[in-house]
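So you can see what is in the structure, the chains are spelled out below.
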Amino acid sequence: MSFRLSYRADPGNPWFSWQYVRDNSDTIVAALRDHASLTARAVLIAALVALPLAVAAHWFRPLAGPILAFTGVLYTIPSLALFAFLAPYLGIGAVTVLSVVVLYALLVIVRNAVAGLSQVPPEVREAAEGMGYGRWGRLLRIELPLALPGILTGLRLATVSTVALVTVGVVVGRGGLGQLIFAGFQNNFYKAEIMTGTLLCVLLALVLDLILAGLGRAVTPWLRGRAR
Amino acid sequence: MSNPVGQAVLWLNDPLNWTNPGGILDRLGEHLGMSAAAVLLGCLVAWPVGLWLGHTGRGGGLVVLVSNVTLAIPTLALLTILPLTFLGFGRPAVVVALAVFAVPPLLANAYTGVRQTDPEARDAARGMGLSGGQVLRRVELPLAVPYLAAGFRTAAVQVVATAALASFVNGGGLGQIIRAGFGLDIAAGGGQIIAGGLLVAGLAMLVELVLALVERLVTPRPLRPARRRANRRAADAVAGS
């Protein structure tokens, strides 16, 4: 993928230019697709790792402290530093970007899932026990559904912040839309390119958030119609 | 040579890398300077607004909106766009960009801090004849201090972490060391890249640790047991990057 400019707004250098968007639609679409696919893969991997972790923290109380502490410490590490730690080992490219982004999304999802699971009222848990549910049955039929709103909030937060974070991947050469922003900056501060990248980033975050919100509504029908 | 961590130790052990112009000490000064300025600016904007919104009980939606939108804007974009505005190229633009990321935790915690004040305490103060401003200053503000402290800590750590990205626009700071490493070949710069990463991460954790201690000190003793729970609730409202 090359991010060369085929057009330079001269004179002027407007904040936004349809001319630029038309002339470089291939580059823009490629960057957008790269960004969306990195984000989707990262959130999916993070969710697949985070949910078992959250369940483990929920079942084995002594584990909850270390798991939350570990993810908390991870969150203090600046993203650029994390890229710095991983890049010499994983090399330049998508793998490094993906690893960093997954690690950050992990914390948000784990924290919200643990909170959601622990908010299940003890009476409900006891009632389920009385009805003969085992540990797995209770988890799958009662605790997870009740914790769904919390888990979904975590997923939405993780998705939105992942979209923003992927741009930093520019430092290892795979930033999706970050590539546009940075290229615009290097091309004599070409505003239209920077602006296009930024707007698409925010738009992508918004669209993904809406999709997840819709998904959340679909899988929690019992919450609909209830006064908020 | 093949081991990047060994190279990093080697790089950090070279005294010239610390004292040279543009060395670690210079970068550390820049990093702390712009972080402090950004957090200060964030406090000046977010605290009055948050306290007032919390006092009047309006604007809860606004607080959520501000934190959500800020979460979606890439740091990199803000750092590149602001120098192109009237702020001009240089330190002021970087500081303003960083301050934007300090606002949501400060704002949300100030708002929540005032909102969570016991309504009976507020009513009692009203009954004693205090005006709205006096209630805010003498009842709600002191009770909100634990929240304000928690918000300050979140914001400060976030800004110190984000300041590493200022290096993208040549804004200085410790991130510059990492960027310089990436500028070399990855095999040649690996040591410097990791060394920079260690410095940035170490600084962020140090700030977190120091502010956690300060937060404990400024929280009045009677408010301490409740703090832990409150802290987490407020933190859930904003999860920054």
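If you're wondering where the values come from, they're calculated on a predicted model, not measured in any experiment. Throughout this description, residue numbers start from 1 for each chain and increase along the sequence as written. As a convention, the first chain written is A and the first ligand written is 1, with the rest following in written order. With the structure being a predicted model, the display of local features is reserved for residues of pLDDT at least 70 and the display and counting of side-chain atom pairs for 80 or more, all residues being used for whole-chain, interface and lining totals. Water and hydrogen atoms were dropped before computing side-chain values, which therefore reflect all heavy atoms in the structure.

## Structural notes on helix H4 (residues 60-72) of chain B
- Secondary structure elements are taken from DSSP: a helix is a run of H or I of four residues or more, a strand is a run of E of two residues or more, and numbering for both begins at the N terminus. Every helix has an expected span of 1.5 Å times one less than the residues it contains. An ideal rise of 1.5 Å per residue puts 18 Å on 13 residues; H4(B) measures up with 19 Å between its terminal C-alpha atoms.
- Along H4(B), the residues classified as buried are B:Val63, B:Ser67, B:Thr70, B:Leu71 and B:Ala72. Partly exposed describes any residue whose relative accessible area lies between the buried limit of under 20% and the exposed limit of over 50%, with all areas from a 1.4 Å probe on protein chains only and scaled to the type maximum.

## Description of the packing of helix H8 (residues 177-186) of chain A against helix H9 (residues 191-219) of chain A
Residue and element names in this part refer to chain A.
- Working convention: axes come from line fits to C-alpha atoms, limited for helices to the stretch in contact. Angles between N-to-C directions cover 0 to 180 degrees. Orientation of H8 relative to H9, taken along the N-to-C sense of each, is 160°, at an axis distance of 7 Å. Between H8 and H9, the angle falls in the class roughly antiparallel. Like other packed secondary-structure pairs, H8 and H9 cross with a definite hand, here left-handed. Residues Leu 177, Leu 180, Ile 181, Ala 183, Gly 184 and Phe 185 of H8 touch H9, and the partners they reach there are Glu 193, Ile 194, Gly 197, Thr 198, Leu 200 and Cys 201.
- Gly counts as polar in this scheme, as do all residues outside two lists: the nonpolar Ala, Val, Leu, Ile, Met, Phe, Trp, Tyr, Cys and Pro, and the charged Asp, Glu, Lys and Arg. Considered class by class, the residues forming the contact of H8 with H9 number eight nonpolar, three polar and one charged. Our angle categories are set so that under 35 degrees counts as roughly parallel, over 145 as roughly antiparallel, 65 to 115 as roughly perpendicular, and the remainder as oblique. Should the near helix be turned counterclockwise from the far one by less than a right angle, the crossing is left-handed, whereas a clockwise turn marks it as right-handed. Residue contacts follow a heavy-atom distance rule, with two residues in contact if any of their heavy atoms lie within 4.5 Å.

## A look at the interface of chain A and chain B
- The interface is formed by 38 residues belonging to chain A together with 41 residues belonging to chain B.
- When the area that chain A buries against chain B is broken down by residue, the three leading residues are A:Thr76, A:Leu80 and A:Phe185, summing to 17%.
- A pairing counts as a salt bridge when a side-chain nitrogen of Lys or Arg comes within 4 Å of a carboxyl oxygen of Asp or Glu. Where chain A touches chain B, the interface holds zero salt bridges.
- Here a polar contact means two N or O atoms within 3.5 Å. Within protein one must be a hydrogen donor candidate and the other an acceptor candidate, and residues neighboring in sequence count only if both atoms are side-chain atoms. There are zero residue pairs in polar contact (both at pLDDT 80 or more) connecting chain A and chain B.
- Where the side of chain A that touches chain B is concerned, the elements lending two or more residues are helix H3 (61-76), helix H4 (79-90), helix H7 (135-166), H8 and H9 of chain A.
- If you tally residues by element for the side of chain A that touches chain B, the top one is H4(A), at nine residues. Joining two parts hides part of their accessible area as seen by a 1.4 Å probe, and the buried area is that hidden amount summed over both.

## A few points about the UniProt feature "domain: ABC transmembrane type-1" (unreviewed entry) in chain A
- Under the present numbering, the feature "domain: ABC transmembrane type-1" (unreviewed entry) in UniProt falls on residues 32-212 of chain A.
- Regarding residues 32-212 of chain A, the helix share stands at 85% and the strand share at 0%, and the terminal C-alpha atoms are separated by 19 Å. UniProt positions are given in the numbering used here, feature names are shortened, and annotations may be inferred rather than shown by experiment.

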